[in-house]
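Listed below are the residues making up each chain.
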Amino acid sequence: MANAFSKEERVAFENILEGFNDALVMSRNVSVYNTEGSMMERTNDVIWRPQPYIATSINGAPRTDISSNFIDFTQLAVPATLGFNKTVPFTLDAKELRDQLQEGRLGDAARQKLASDINVAIMNVAANQSTVVVARSNAAGGYADVAECDAAFNELGVQMFDRYLALSSRSYNGMASDLAGRETMTGKPTTAYERSFVGTVAGFETYKMDYANRILGNATPSGDITINGAGQYYTPAATSTAGTGETANVDNRYQSLDVTLAAGAVLRAGDALTVDGVNSVHHITKSDTGQPKTFRVISITSGGGTAGNNTIVISPPIISNGGSTDAEAQYQNVTATPANGATVDVLNVDAADINVFWQKDALEILPGRYAMPANAGVDLMRGTTDQGIELVMQKFYDINTAVTKYRLDTFFGVVNKQPEMSGIMLFNQVP
């Protein structure tokens, strides 16, 4: 075949794939769901992934008639899309190909960029959609900061295993500095001092990011944003029925909320909020945690996020069991429905790096696969990482220009299945 890969190129591809696999730090710490190509093509690359069930219980001693207590479980699901198509194309002419190392260096650069694209995609989804918010007034200082993340998860009933924390370089180094100064400990302080390594803290495996998402500061004073209208609670539903009779799945991660902003007040997508009188509950026991429930602004539907009445989309929805349905009892996440006029407070008062923490089952990556013909004048090689993410390398020689074209492709999706099992930690938030 005219465009067939040489033995050297095949060895180079194996090295690229190995490095690509090693560089996928974030994808190793999220769950993986492998899709089937023909099914995904027929559904426009969208598949609905189930959220965890939450059960309710009753007192049911022997000889007690519980015939009136049988209920339907509501299965919630979220849409996951194969939406990332990442490609690194490059060319080498007949002169440049005299230096075989040139091809290898470009391949390494392509591998590095594609691995970074996957890591960044995971972090973007986590940073934008996570709803458990830990706002610290101090700079990153060590154990006490991570312990707040641990406490926030424990109070919600999030599983105590497979927990991860990805920190910006400055936040991570701040924690390493605290650890390095603990001379009374053995082992870890030396490693922290020599390699700026933190490791496992308060049940979280920690990782240092060489990039970090940022959140804007919003210094809107307390009381300048209020709830506009009583009875704004959400009732979960597995499906909805259109006026024409068609049934469709429902994404239960979001809710519209009407608020009023005073003059000078601002709201933006990404802001983190609490509402007076609305505490979080343990998802299993439904007991009051004593802590305000945290929400994220996903989008501004009307009002522009400026003075006046606004409709915003928040996550998670306010499930207070205000309608006393079985689904609300199962998925209740707050103590009360917000009162009309209740104060809404913004947590991200100062701009900061977003440090993401999550339980493995909250975030999911969906590897995709292209159906590329192998005998169409272009040679190609495929390889798959440990997580099932495919890397494809193609080669084509153009006789008109004596230029060889290469491209490396990967295809995947990322979904936050449960925003209440992932969170963000913000430092230096001084109201």
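Quick note: structure is the one above.
Bear in mind that the values here come from a model prediction, so they are computed numbers and not experimental data.

Caption draft 1: Structural detail: the sheet that holds strand E14 (residues 272-275). The six strands are arranged E10-E13-E18-E17-E14-E19 in an open sheet whose pairing can be described as antiparallel. Lying at the two open borders of the sheet, with one neighbouring strand each, are strand E10 (225-227) and strand E19 (344-346). On average, each strand axis in the sheet is inclined to that of its neighbour by 50°, with strand direction left out of account. When E14 meets strand E17 (residues 295-302), the two strands line up antiparallel, connected through two bridges. Paired with leucine 273 across the strands is phenylalanine 295, a residue of E17.

Caption draft 2: Up close: the packing of aromatic side chains. Applying the stated rule across the entire model yields eight aromatic pairs. Taking 5.2 Å as the distance between ring centres and 15° as the angle between the ring planes, the aromatic pair formed by phenylalanine 90 and tyrosine 406 counts as stacked. With phenylalanine 90 in strand E4 (residues 84-93) and tyrosine 406 in strand E25 (residues 403-416), this pair connects stretches of sequence that are 316 residues apart. Phenylalanine 90 sits in the buried class, given a relative accessible area of 11%. For the pair tyrosine 370 and phenylalanine 411, a centre-to-centre distance of 4.8 Å together with 10° between the ring planes defines the contact as stacked. Of this pair, tyrosine 370 sits in the loop between strand E22 (363-367) and strand E23 (379-384) while phenylalanine 411 sits in strand E25, and the two are 41 residues apart along the sequence.

Caption draft 3: Representation of the nonpolar core. In this structure, Ile122, Met123, Trp358 and Ile365 are the most contacted members of the largest nonpolar core, which totals 27 residues. Elements supplying a minimum of two residues to this core: helix H3 (100-129), strand E6 (163-168), strand E21 (355-359), E22, E25 and strand E26 (422-426). Tallying contributions element by element places H3 first for this core, with seven residues. Apart from the residues within four sequence positions on either side, methionine 123 is in contact with Met26, Ala166, Met209, Tyr211, Asn213, Val356 and Trp358. Formed by 21 residues, the second largest nonpolar core is a distinct cluster that contains Cys149, Tyr172, Val201 and Phe204.

Caption draft 4: Looking closely at helix H4 (residues 143-156). Its 14 residues place the ends of H4 20 Å apart at the C-alpha level, agreeing with the 20 Å of an ideal helix rising 1.5 Å per residue. Along H4, the positions that sit buried rather than exposed are Asp145, Val146, Ala147, Cys149, Ala152, Phe153 and Leu156. Looking one or two residues beyond H4, the residue adopting positive phi is glycine 157, at roughly 85°.

Caption draft 5: Examining the pattern of salt bridges more closely. Tallied over the full model, the rule gives eleven salt bridges. Among the salt bridges present, the one from arginine 136 reaches aspartate 145, with a minimum N-O distance of 2.8 Å. This pair shows no difference in class: arginine 136 is buried, exactly as aspartate 145 is. Lysine 293 is the partner of glutamate 420 in a salt bridge, and the nearest nitrogen-oxygen pair spans 2.6 Å. Here glutamate 420 is found in the loop between E25 and E26, whereas its partner lysine 293 is found in the loop between strand E16 (288-292) and E17, with 127 residues between them in sequence. For glutamate 420, a relative accessible area of 8% corresponds to the buried category. A network of salt bridges, in which partner residues are shared, links Arg49, Glu364 and Lys417.

Caption draft 6: Up close: the sheet that holds E6. Judged by pairing direction, the sheet is mixed, and its six strands sit side by side in the order E5-E26-E21-E6-E8-E7 without closing on themselves. For this open sheet the edge positions go to strand E5 (132-135) and strand E7 (200-201), each flanked by a neighbour on one side alone. Looking at chain direction, E6 and strand E8 (residues 204-209) are connected through five bridges and run parallel. In the sheet register, alanine 166 faces E8, and the bridge partner there is tyrosine 207.

Caption draft 7: Representation of the pairing of strand E24 (residues 390-398). When you tally the buried positions in E24, you get seven out of nine residues, the bulk of the element. As defined by bridge partners, E23 adjoins E24 across six bridges and the pair is classed as antiparallel. The residue bridging threonine 384 from the neighbouring strand is glutamate 390, located in E24. In textbook terms, the turn of a hairpin is the stretch between consecutive antiparallel strands, and for E23 and E24 this stretch comprises five residues, one of which, glycine 388, has a positive phi near 90°.

Caption draft 8: Expanded view of the side chain of threonine 274. By the secondary structure assignment, threonine 274 is in strand E14. The class of threonine 274 is buried, set by a relative accessible area of 10%. When sequence neighbours within four positions are dropped, the list of residues in contact with threonine 274 reads Pro292, Lys293, Thr294, Thr343, Val344, Asp345 and Leu347.

How each quantity is defined
- Residues numbered from 1 in each chain as written.
- Predicted model: local features only at pLDDT ≥ 70, side-chain atom pairs only at ≥ 80, totals over all residues.
- Heavy atoms only, no water.
- Pairing = 2+ DSSP bridges.
- Helix = DSSP H or I, 4+ residues; strand = E, 2+ residues; numbered from the N terminus.
- Axes fitted to C-alpha atoms, helices over the stretch in contact; angles between N-to-C directions.
- Phe/Tyr/Trp six-rings, centres within 6.5 Å; stacked < 30°, edge-to-face > 60°.
- Buried < 20%, exposed > 50% of the residue type's maximum accessible area, 1.4 Å probe, protein only.
- Core = buried A, V, L, I, M, F, W, Y, C linked by side-chain atoms within 4.5 Å.
- Contact = heavy atoms within 4.5 Å.
- Expected span 1.5 Å × (residues − 1).
- Salt bridge = Lys/Arg side-chain N within 4 Å of Asp/Glu carboxyl O.

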